[in-house]
Amino acid sequence: MLGEGPLAAVLRYNILFVLAHALLTIGGYALIRQLGAGRTGAIVGAAAFAYAPWRLAQEGHLDIISAGGIPLALAMLARGHGWSMRYGFRPDRRHVGWAAAGWLVAIWQLGLGFSLGLPFAYVLALIFVIVAAAVLVRRLRRRSPRPVLGWRLLVTDGLGMLIFVGVGAIIALPYLRVPDYGPAATEIRFFSPPLRSLLIGPAESRIWGAPHAVARESLGWPPEMTLLPGFVLYALALVGLVFSIWRIWQRLLLLTAVVVGVIFTLGSTFFEGRWTYLPLFGHLPASFGVRIPGRLMFWVTLLLAILAAGAVAEFVRRAEHLAAHRMPPWPGPWLRLATFVPLLLVLVESWSAVAHPVVPEQPPAMRTITGPMLVLPTAALTDQTVMLWSSTRFQQIANGSGGFAPQRQSELRRSVATFPDAASVQYLRTQQVTTVLLLRKQVAGTPWERAGDVPVDALGIRREDLDNDTVVFRLN
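From a predicted model like this one, the values you see are computed outputs, not experimental measurements. (Residues numbered from 1 in each chain as written. Predicted model: local features only at pLDDT ≥ 70, side-chain atom pairs only at ≥ 80, totals over all residues. Heavy atoms only, no water.)

1. What about the overall build of the protein?
Piece 1. Of the regular secondary structure elements, the protein holds 19 helices and six strands.
Piece 2. Summarising its shape, the C-alpha atoms of the protein cover approximately 95 × 50 × 45 Å along the three principal directions.
Piece 3. Within the protein, buried positions represent 47% of all 476 residues.
Piece 4. Pairs at least 24 residues apart make up 73% of the contacts formed inside the protein by residues separated by at least 6 positions.
Piece 5. Summed over all atoms, the accessible surface of the protein reaches about 24,500 Å², with 66% contributed by carbon and sulfur.
Piece 6. Side-chain charges in the protein split into 42 positive and 25 negative, and the spacing between the mean points of these groups amounts to 18 Å. (Helix = DSSP H or I, 4+ residues; strand = E, 2+ residues; numbered from the N terminus. Buried < 20%, exposed > 50% of the residue type's maximum accessible area, 1.4 Å probe, protein only. Contact = heavy atoms within 4.5 Å. Areas by Shrake-Rupley, 256 points an atom, 1.4 Å probe, with all protein chains shown as cover. Lys, Arg positive; Asp, Glu negative; His and termini not counted. Charge placed at Lys NZ, Arg CZ, Asp CG, Glu CD.)

Right, here's the structure in full:
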């Protein structure tokens, strides 16, 4: 779709990038509305959740941005079970179709990655325990003549959980085969943010980027430790503790959940994580991508957004009550405008300063030469650009890069560090690589700086200078 080559690939990525934010907004709105907030409160909460300043530092991680399925699945499951935070269980509003849709979205979200999928699985398990306990208590007290969950919902939930766990296990199989590259506790300790991180904005924030520059220098790894969800969100959530449509015990529960979420987000910073982060995630393989505690800020932001939505919804409710006693009985323009001030403040604080990089120019040879091939220089960072360049022909390439380095990839880079020589040529032939493409403009300071000028006649290979920048070695 939408053409071919690197430019079209980047366009497709950008479309997915925008749609991922849209799904975050839609999912947040659907969940907060289902919990019982009004439209204005849900809009403010969804915007604060989807465009929190800390998320700007994650713009290079599409898997972290693509989290809108989590609140959307929770909203669908709540709707299917006839539950809202404001009104509790209402059996007459149960709908098996919504519950089934919720499980499908949850399974899809798990398939996008374990970094957010595993914490989501833990949350679903916790919700299951709480709901099971609530149903048991209601049955023992005989408070309702109708069962809270019908047999169709029970079957749907049972199948949904089984498929969710089964899909997760199938996806996990190849990850479990990847050897760990270091102790989990060491990496978790490195990425664990201090408490002050919750007040520091990322460099990509137009509002807080420059003012917080000195504070960011005190952090060990700023891209994963600038966790400010927004001072406007903090203020609205604090107001929501004393002025809200939610009941007082619900606000206290939300506050407790926020505190627990912050403790998990701090990783090993809170009592070294012995009773929090490490028991849940410290034993998992590094390839699962759950060794960065700061990404749990997703849940803290969602909880704060629910608190904030309660405050905004209560303000709107009182404004409408006041307007009903006016003559004529509707809000004036200033009163209507006042209800949208929180939304405006949230959007201003989420103003992005993320750069718009230029697509790296594709070497002409990448549009004509077929694989299997190796492009030099090769390294974890530069190979990402090579993969983008291969989107014209999608030829087989030995270059590759991801969240972890497979053993074969590390072995390949070591073996070709002396190319062109007899050992490296023989190694590439055993790997069925028939062509090596050398980019002269990029080899300065690498082991291949002079590789384009080394005589190769004695090696049984051919060299072609395509232009001033590109050299092709034919190994067969």
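That covers the picture; the talk isn't over yet.
2. A closer look at a nonpolar patch on the surface
Piece 1. A cluster of nonpolar side chains, contributed by I248, W249, L252, L253, L255 and V259, occupies part of the molecular surface with about 580 Å² of accessible area.
Piece 2. Mapped onto the elements, V259 comes out in helix α12 (residues 248-265). (Patch = residues over 30% accessible without salt bridge, like charges linked within 9 Å, V, L, I, M, F, W, Y side chains within 5 Å. Salt bridge = Lys/Arg side-chain N within 4 Å of Asp/Glu carboxyl O.)

3. Notes on unusual backbone geometry
Piece 1. Cis geometry marks the peptide bond from G371 to P372; its omega dihedral reads 0°.
Piece 2. With respect to the helices, strands and loops of the structure, P372 is situated in the loop between α16 (341-349) and β3 (373-376).
Piece 3. Geometrically, the link from L376 to P377 is a cis peptide bond, its omega value of 5° lying close to zero.
Piece 4. Mapped onto the secondary structure, P377 falls in the loop between β3 and α17 (382-389).
Piece 5. Positive phi is not limited to glycine here, since Q432 has a value of about 65°.
Piece 6. Along the chain, Q432 turns up in the loop between α19 (422-430) and β4 (435-439).

4. Observations concerning the packing of helix α2 (residues 39-50) against helix α14 (residues 297-324)
Each packed pair of helices is defined by two parameters, the angle between the axes and the distance between the axes.
Piece 1. Interhelical geometry of α2 versus α14 gives an angle of 155° and a closest axis separation of 7 Å. Taken together, the axes of α2 and α14 lie roughly antiparallel to each other. Remark: the crossing between α2 and α14 carries right-handed chirality. Across from T40, G41, V44, G45, A48 and F49 in α2, the residues of α14 making contact are F298, T301, L302, A305, A309, V312, A313 and V316.
Piece 2. Classifying every residue of the contact of α2 with α14 by side-chain character gives ten nonpolar, four polar and no charged. (Axes fitted to C-alpha atoms, helices over the stretch in contact; angles between N-to-C directions. Parallel < 35°, antiparallel > 145°, perpendicular 65-115°, else oblique. Left-handed = near helix turned anticlockwise from the far one by under 90°. Nonpolar A, V, L, I, M, F, W, Y, C, P; charged D, E, K, R; others polar.)

5. Overview of helix α5 (residues 96-111)
Piece 1. End to end, α5 covers 23 Å across 16 residues, agreeing with the expected 22 Å (1.5 Å per residue, within 8%).
Piece 2. The elements touched by buried residues of α5 are α4 (69-80), α6 (114-141) and α7 (151-176).
Piece 3. Taken from the residues just after α5, G113 is the one with a positive phi, measuring 150°. (Expected span 1.5 Å × (residues − 1).)

6. Regarding the pattern of salt bridges
Piece 1. For the coordinates displayed, the defined rule picks out ten salt bridges.
Piece 2. The closest approach of N and O atoms between R317 and E314, which form a salt bridge, is 2.7 Å. Here R317 and its partner E314 are both found in helix α14, three residues apart, which amounts to about one turn of the helix.
Piece 3. What makes R317 partly exposed here is its relative accessible area of 40%.
Piece 4. Residue E314 is classed as buried on the basis of its relative accessible area, which comes to 5%.
Piece 5. Across the pair R474 and E464 runs a salt bridge whose closest N-O atoms are separated by 3.3 Å. Separated by ten residues along the polypeptide, R474 in strand β6 (residues 470-474) and E464 in strand β5 (residues 462-465) bring together distant segments of the chain.
Piece 6. A relative accessible area of 23% places R474 in the partly exposed class.
Piece 7. We classify E464 as partly exposed; its relative accessible area is 27%.

7. Some words on the sheet that holds β5
Piece 1. Strand order in the open sheet formed by four strands is β3-β4-β6-β5, with mixed pairing between adjacent strands. Looking at the sheet topology across the chains shown, the edges are occupied by β3 and β5. Mean inter-strand twist for the sheet, computed between neighbouring axes without regard to direction, equals 20°.
Piece 2. Across five bridges, β4 lies against β6 in antiparallel orientation. The residue bridging L439 from the neighbouring strand is T470, located in β6. (Pairing = 2+ DSSP bridges.)

8. Let's talk about the environment of V232
Piece 1. With respect to the secondary-structure elements, V232 resides in helix α11 (residues 231-242).
Piece 2. In this structure the C-alpha to C-alpha distance between V232 and L345, which are 113 residues apart in sequence, comes to 6.7 Å.
Piece 3. When residues no more than four places from it in sequence are discounted, the contact partners of V232 are P342, L345, V346 and E349.

9. So, the packing of aromatic side chains
Piece 1. Inspection of every chain in the model, using the stated rule, returns 18 aromatic pairs.
Piece 2. Ring geometry for F190 versus W221: centroids 6.0 Å apart, planes at 50°, classification tilted. Here F190 is found in helix α8 (residues 184-191), whereas its partner W221 is found in the loop between α9 (213-217) and α10 (222-225), with 31 residues between them in sequence.
Piece 3. The class for W221 is partly exposed, based on a relative accessible area of 38%. (Phe/Tyr/Trp six-rings, centres within 6.5 Å; stacked < 30°, edge-to-face > 60°.)

10. Digging into the environment of A213
Piece 1. Structurally, the position occupied by A213 is in helix α9.
Piece 2. C-alpha of A213 to C-alpha of A203: the two residues are ten residues apart in sequence and 7.1 Å apart in space.

11. Brief notes about the nonpolar core
One broad rule of soluble globular proteins: the nonpolar side chains tend to lie buried together.
Piece 1. With 76 residues, the main nonpolar core has I70, F120, L124, W246, F298, W299 and I306 as its most contacted residues.
Piece 2. Element by element, the count of residues in this core is highest for α14, at 15 residues.
Piece 3. Aside from chain neighbours lying at most four places away, what touches W246 is L35, G36, A37, M85, R86, R251, L254, I306, L307 and G310. (Core = buried A, V, L, I, M, F, W, Y, C linked by side-chain atoms within 4.5 Å.)

12. Quick notes on the side chain of S268
Piece 1. Assignment of secondary structure puts S268 in the loop between α12 and α13 (277-282).
Piece 2. Note on S268: relative accessible area 13%, which makes it buried.
Piece 3. Filtering out sequence-adjacent residues up to four positions away, S268 remains in contact with I188, R189, S192 and G273.

13. Some details on the pairing of β4
Piece 1. Most of β4 is tucked away: five of the five residues are buried.
Piece 2. Residues T435, L437 and L439 of β4 are buried on one face, and the alternating residues V436 and L438, pointing to the opposite face, are buried as well.

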